[in-house]
Structures are given as structure tokens and as C-alpha cells.
Amino acid sequence: MNNNIKIEYFDNYAVVTMIGDFHSIEDAEQIRETFKEIQKKGLKNILVDLKEVFFLNSPVMGSFLSGNALVSKLDGKFVVFNANNYVENLFSVMKLNLVFSICKTLDNALEIIK
């Protein structure tokens, strides 16, 4: 399955919509660069929509940690939402739910960044 990343910019946050399976080093680098691009625009909150993602591997999870570190420098928040049970369980097993917020919906994510 091919993967795709879309970015929507708002006043103080960006929504990154990921589509497909992300399992290569190249995927991880693409995601990391996406987060850097958002930070360069001065947005301090990144919301990641995983509704259409079925698989992530550990290098990709590492990219999420990089994204969290970027926004933390700006006192921002990194929030993942719409993850399926498998992906949400991966976050839990890797204890990433202790590092950044994971929630069910965009509305929940917007509440977190208020």
C-alpha cells in the first residue's frame, strides 16, 4: 500500500493526516521532515490523524518522538488521534502514551491544545 501525508495549517496548529502503512526508514524520514516543516512555520501544536493508518514501525514511532520534541521546545503539544486499536496498543506498549497525548477524535485533540 502506498502512503501519503497531508498537512492542513490553522492559526496555532497543524493537522497531519497520514494515509497508508508506514514501515520504512524513508517513511520515518518523510514524517520527521513534515514535522520540521510545520515547526519552521512557527506552529507550536501538531495533531496527527491516524484514521487511515494500519501499521507503523519503531523508526516511524521515533519520528513521532522527534515531532513531540520539536513542539515541546515551543511549549506546544503533540497529539495523536483516530488511531486504530492495533496502533494505539503499540503506543501503549512502547509507553509513548506517557510522552504525548493520544485521543479518539479531532475534537478531543483540539481540547488538549486549548
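Residues numbered from 1 in each chain as written. Predicted model: local features only at pLDDT ≥ 70, side-chain atom pairs only at ≥ 80, totals over all residues. Heavy atoms only, no water.

**A closer look at the overall build of the chain**
Rules: Under the scheme used here, helices are H or I runs from DSSP no shorter than 4 residues and strands are E runs no shorter than 2 residues, and both carry numbers assigned from the N terminus. Between the two quantities, the radius of gyration covers C-alpha atoms and the globule rule is 2.2 Å times the number of residues to the power 0.38. Each residue is placed in one exposure class: buried if its accessible area under a 1.4 Å probe, protein chains only, is under 20% of its type's maximum, exposed if it is over 50%, and partly exposed if it falls in between. The criterion used for residue contact is that any of the two residues' heavy atoms lie within 4.5 Å. All accessible areas in this document rest on Shrake-Rupley with a 1.4 Å probe, and a residue is counted as covered only by the protein chains that are shown. Residues scored as charged are limited to Lys and Arg (positive) and Asp and Glu (negative), so that His and the chain ends carry no count. Charge positions are represented by NZ for Lys, CZ for Arg, CG for Asp and CD for Glu.
Each helix and strand counted, the chain has 4 helices and 5 strands in total. Here the C-alpha radius of gyration of the chain, 13 Å, is about what a compact globule of 114 residues would show, namely 13 Å. In terms of its C-alpha atoms, the chain occupies a principal-axis envelope of roughly 30 × 25 × 20 Å. Within the span of the chain, comprising 114 residues, buried residues form 43% of the whole. At a minimum sequence separation of 6, the contacts of the chain that also span at least 24 residues come to 69%. Roughly 6,100 Å² of accessible area belongs to the chain as shown, and the carbon and sulfur atoms make up 50% of that amount. Charge-centre separation for the chain: the mean point of 12 positive side chains lies 5 Å from the mean point of 14 negative side chains.

**Observations regarding unusual backbone geometry**
With phi around 60 degrees, Asp 75 is a residue other than glycine that occupies positive phi space. Judged by its relative accessible area of 68%, Asp 75 falls in the exposed class. You will see that Asn 82, though not glycine, has its phi angle at about 65 degrees, which is positive. We classify Asn 82 as partly exposed; its relative accessible area is 25%.

**Considering the side chain of Asp 27**
Where we set the bar: Should a side-chain nitrogen of Lys or Arg be within 4 Å of a carboxyl oxygen of Asp or Glu, the pair is scored as a salt bridge.
Relative to the assigned elements, Asp 27 resides in helix H1 (residues 25-40). Despite its burial, Asp 27 pairs with no opposite charge; the closest candidate is Arg 32, at 11 Å N-O. Leaving out residues up to four positions away in the same chain, Asp 27 has contacts with Asn 3, Asp 21, Phe 22 and Val 60.

**Describing the sheet that holds strand E3 (residues 45-56)**
In plain terms, the rule: Strand pairing follows a simple DSSP-based rule, namely that at least 2 bridges must link the two strands. Angular values range over 0 to 180 degrees, each being the angle between N-to-C directions of two axes fitted as lines to C-alpha atoms, with helices fitted over their stretch in contact.
In spatial order, the strands read E1-E2-E3-E4-E5; together these 5 strands make up an open sheet with mixed pairing. Either end of the sheet is taken by a strand with one partner, and the two such strands are strand E1 (4-9) and strand E5 (101-103). Here the average twist between neighbouring strands, direction ignored, is 20 degrees.

**Concerning the packing of H1 against helix H2 (residues 58-72)**
To keep things clear, this is the line we draw: For classification purposes, an angle smaller than 35 degrees is called roughly parallel, one larger than 145 roughly antiparallel, one from 65 to 115 roughly perpendicular, and anything else oblique. Take the far helix as your reference; a near helix turned counterclockwise from it by less than a right angle gives a left-handed crossing, and one turned clockwise gives a right-handed crossing. When residues are grouped by polarity, Ala, Val, Leu, Ile, Met, Phe, Trp, Tyr, Cys and Pro land in nonpolar, Asp, Glu, Lys and Arg in charged, and all others, Gly among them, in polar.
Two numbers describe how H1 lies on H2: the axes approach to 8 Å, and their chain directions differ by 15 degrees. By the angle class used here, H1 and H2 are roughly parallel. At the point where H1 passes H2, the crossing takes the right-handed sense. Residue-level inspection shows Ile 25, Asp 27, Ala 28, Ile 31, Arg 32, Phe 35, Lys 36 and Gln 39 of H1 in contact with H2, the latter providing Pro 59, Val 60, Gly 62, Ser 63, Phe 64, Ser 66, Gly 67 and Leu 70. In the contact of H1 with H2, the residues fall into 8 nonpolar, 5 polar and 3 charged.

**Topic: the pattern of salt bridges**
Inspection of the entire model under this criterion finds 4 salt bridges. Glu 33 is the salt-bridge partner of Lys 36, the closest N and O atoms lying 3.5 Å from each other. In this pair, Lys 36 and Glu 33 both sit in helix H1, 3 residues apart, roughly one turn of the helix. Classification of Lys 36 as partly exposed rests on a relative accessible area of 32%. The closest approach of N and O atoms between Lys 114 and Glu 111, which form a salt bridge, is 3.1 Å. Grouping residues by exposure puts Lys 114 and Glu 111 together as exposed.

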